[in-house]
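Descriptive structure summary
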Amino acid sequence: MRASLLTLSTLAGILALGGSASGQEAGGPNTRPEQIVEEVGDMRFQYRQSAGLDLRVFDVPVLGSSSIVVVKPGWTGTYYNSFNNMTLMDTVTVEDYEDGRRITLHHELEEEYESPFAGTKTITLRPDNSMHVRMDFIFDSDDPSMLEWRVGGFNPTLVAGLPYRVVMPDEVTEGVVAYEAEGPAATDTTVARGFEELQIQSRLGPITIESIPENNLILFDYRKNVYADEGRPMFWFGYLGRGIPGGEELTYEFTLRLPQTFGPASVAAAPVTAASGVEATGSARVPGPGRDYIIPKPKETEYTGDEVSLGPETPVYTGPDPGRGIETAVEFLVEDFEELYGINAQVVRGPAPDPPPAGAILMGEAGRYDVPVELLSEAGLEIPDHHEGYALRTGDGHTVIAANTEVGVFYGVTTLLQLVVPAEGGDGIALRGAEIVDWPSLDFRGIHALSGRDAGDQISKAVRELMARYKINSFIWECQYIVWDNAPELEHPRFGMAKDDAQKVVDAADEYFIDLIPLIQSLGHSEWIFTGGHNLDIAEDPETPYAYMVTNPRTYEFIFTIFEEALEFFEPRGFHIGHDEVTMRGRFPYRSADSGMSVTDLVLKDTKKLNNWFRERGVQVYMWGDMFLYSDEAPDATFAPSQEAATERRARLHRDITVTDWHYAPVEPDEFTSIPLWRDECFEVIGAAWHRPLNIRNLAHACINAGVKGFLQTTWAGFNFRIDDNEESWHQYWAYIMAAHYAWSGDERLPDELPFIPKEEFINTWFRTVPLLEEQEGFFVDLSEAFNRSLEDKDGSGWLGFGPENDFRSVPEGEQLLGETVFRLTRNERGEGAVMLDGMMNPEGEFPASVTLDIGGEAASGLHFLMTAAFPTREHERAGQVEIVYTDGTSEQFALDYGRNLFAFHQNRAGGDARIAWEGESGAGTPLHLWDVAWDNPNPDRPIGSLVISSTGTEAAPILLAITGVR
């Protein structure tokens, strides 16, 4: 599933970084450069085989991440992929050409690969800041093929919201590039296609692209595409997915003309010092009302208003001799109560008195401790029949949870913990009065993720906090890079995971009712077998060691040794053998071609052999389904070359295999037609989604509607599982919560209609955010003297200078409770309400590099800054800093890093110490956001004399609207 998404996702928008390498002749086996770097005029051009080009002008990113891919229709096989051409840099040449430099790249494979595609790309850089690109190529075959040439991803900061002009052969059109993408499809977001000239009034100055209309080059907004990376937004420019006529020599070319001078509209003014002053408040932070939703949404919920107060030593009764699963449920409850609320719950492993004491919690299985069952029955609540179902009631001064199984009780506890609210009157905490009867919509609710070096603690934490907590019951763990005792030579230097580290994950899954299903890639995606150049004798294509040889007996001598060791280690009930995208890389068949067996024969022979081996050992086999579907049978992930091949493959596939049917398109539920197709052909089916909200919601509904086994959320965030300090991949992890919600509940609401924000739920859960339980005193910092920007833009001179439809006038005024922090939002006598610091793309005006706020010696336990940024910049780029200067002359600092705690106003993102505080809309209906950037004072007893907020001058100019201090 990775290869077909490579150019569309993982590498989308990546801007290559690194040192320089250049020369008259860059090729040769002993002189192969890692990258080419050339500086011509004001341009800096860089090219790496693994990431394509990176073009900058005046050190501002313009284009990044180019690629050339030639595939079979429907991405059912690959003829050429520039990212996988490991010899590309061996033949590149760089030379003087007229008054500039010319780089020549040969996009063709060596003869033994027998690829019909060959191309030469010539890039000419000139001192007038222009780049001419010409690609000459041929596809020397009559076989159907499709070319995707991404010239690069345009930096949206340069063009979003600005006018453009398109010159076509028969007409001229004008428009304004959208601030926000209007949808996921290229057809909905195209700026220009098949043009003679495209002119954009960018923030650097005029940018012009000259092309040949017949080449049909396209520029479209990729920011909401299903495969887009939220942290790397871009406009996609190039030749998109068109067939190539066989045997014709073709030429595509264009010229990109960048500004020859860059005079920013704004001026970096001298630092500003303002006598800000402070005003005390008794309500700097205020507890929220408590959540009024549960994730996943229960089947039947009635809120009664009969709140149950919790004391500092709330008693918990389990009945006599609770089982191990009940002990797990108790541990889960006790740990949350203690860490988040300071409650030292007293566990009584015996029956509760009659009547139960005030605040008591009673939990138990039917038939083992029946008092909770009886109390629920008296209230008219019956336990559902489903083995994971439970019933719960808070009221009459106590709480009752009962189920037919221990896992049902555990899930009741995970629901109960979401009923905690501040007690009425603000004294302590309570449980919201509720009566709940709940069971899942799907029996299998899973997460797929990979292993990683030293990742055991991270994955184990995810098992507990992001899976079990939200009622996920299965974990398909792709773990081929575990260091196997039977093949220690295959330890990967970056991905290898020690067994004792992996054991942590096994133990966590066992404790929290999660069925761990190991996934070890076989047949396709078997690069792990060839780590370090080992086992090349069983590689189907030794030049591209990707798939193994089905016709070589040693293949199975090796793979069954690893499988046997894995079974001993995991003791699983199920095992996933992979088998996706078998023909995506290398020649298949190649070494096995003499056998006369087709791709279908080889895939089925291998699948049957593996399935029989596992069946003899009583282990259920799972596998991906893409090799068994044709393009007419599903919206994507269809790798059978024809309808006949797909039908034959499924007919010959043993019906006891569970198919994990992955699809990442955000189509409507009834368009996932392969789900009922597999079901009707008598297979157990699990639909598998990726991180896009609509993809998750709609595929989960397709699975529920078809009545199939379950739903799986996949993770493709690299071969080393990592959440901490990996903000750019967080969207893949907060997708777990959305997947759990829809797979359990079947909630009909669309993602943007849900009562919770998955990313904030994820951050609060992962970082164990302690909820605010009582009001905190503090102070407001008066910023009026420092304000330099109006939130209104009446005539192009306020906010970012793009008129009243694209300003911030909808931001409220006065004291506003935003999240749990009260901010005072004001306007000064000039109508200004924000401090905008220096930034490369700022509108016309003067903006200081730093602002010093004199707050006169206030003591604070923490500070909250209401902030946003003018535009995006590169992920993790240092955009500014806040320095807290104490009255004794010492200071503390914290960085404003883009993508961690600073975000552009239109992005719907959050960080560990930056939560979305306010959401609104512009007059044009585009989303607006402000963030509460929190700082905890390590020296709360030292009075603070001043605050210095500074900018590094990137595109992401920090913008400050308010500051609240907490005593």
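One can find the structure itself at the top, above this paragraph.
Structure report, in brief.

Here is what the cut-offs are and how they apply
- Residues numbered from 1 in each chain as written.
- Predicted model: local features only at pLDDT ≥ 70, side-chain atom pairs only at ≥ 80, totals over all residues.
- Heavy atoms only, no water.
- Buried < 20%, exposed > 50% of the residue type's maximum accessible area, 1.4 Å probe, protein only.
- Helix = DSSP H or I, 4+ residues; strand = E, 2+ residues; numbered from the N terminus.
- Contact = heavy atoms within 4.5 Å.
- Axes fitted to C-alpha atoms, helices over the stretch in contact; angles between N-to-C directions.
- Parallel < 35°, antiparallel > 145°, perpendicular 65-115°, else oblique.
- Nonpolar A, V, L, I, M, F, W, Y, C, P; charged D, E, K, R; others polar.
- Pairing = 2+ DSSP bridges.

1. Here's the deal with helix H15 (residues 758-766)
It helps to recall that an α-helix has 3.6 residues per turn; residues three or four apart then point in one direction. The buried fraction of H15 is high, at 8 of 9 residues. Within H15, burial applies to Pro 758, Lys 759, Glu 760, Glu 761, Phe 762, Ile 763, Thr 765 and Trp 766. On the buried face of H15, the contacting elements are helix H7 (456-467), helix H14 (730-745) and strand S51 (914-921). A positive phi of about 50° marks Arg 768, the residue just after H15.

2. Focus on unusual backbone geometry
Following Ile 295, the chain continues into Pro 296 via a peptide bond in cis, with omega recorded as -10°. Within the fold, Pro 296 resides in the loop between strand S22 (278-285) and strand S23 (300-303). Here the amide bond leading from Asp 354 into Pro 355 is cis, since omega sits at 5°, within 30 degrees of zero. Positionally, Pro 355 belongs in the loop between strand S26 (346-348) and strand S27 (361-365). One non-glycine residue, Lys 471, adopts positive backbone phi at about 70°. Judged by relative accessible area, Lys 471 falls into the buried class, the value being 0%. Although it is not a glycine, Cys 682 sits at a positive phi angle of roughly 70°. Relative to the assigned elements, Cys 682 resides in the loop between helix H12 (674-680) and strand S39 (684-689). Cys 682 sits in the exposed class, given a relative accessible area of 56%.

3. Focus: the packing of helix H8 (residues 499-511) against helix H9 (residues 553-570)
How two helices sit against one another is set out by the angle between their axes and by the gap between those axes. H9 packs onto H8 with a crossing angle of 50° between their chain directions and a minimal axis gap of 11 Å. Relative to H9, the element H8 is oriented oblique. Across the interface between the two elements, Lys 499, Ala 502, Gln 503 and Val 506 of H8 pack against Glu 565, Phe 569 and Phe 570 of H9. By residue class, the composition of the contact of H8 with H9 is 4 nonpolar, 1 polar and 2 charged.

4. Considering the sheet that holds strand S35 (residues 515-522)
Ordered in space as S33-S34-S35-S36-S37-S38-S39-S40, the 8 strands form a closed barrel in which the pairing is parallel. Strand-to-strand twist of the sheet, defined as the mean angle between neighbouring strand axes without regard to direction, takes the value 25°. Direction of pairing for strand S34 (residues 474-478) relative to S35: parallel, over a ladder of 5 bridges. Each bridged residue has a counterpart across the sheet, and for Glu 478 the counterpart in S35 is Leu 519.

5. Considering the side chain of Asn 806
Inspection of the secondary structure puts Asn 806 in the loop between strand S42 (789-790) and strand S43 (814-818). Ignoring sequence-local partners within four residues, the contact set of Asn 806 consists of Tyr 179, Trp 799, Ser 922, Ala 924 and Thr 926.

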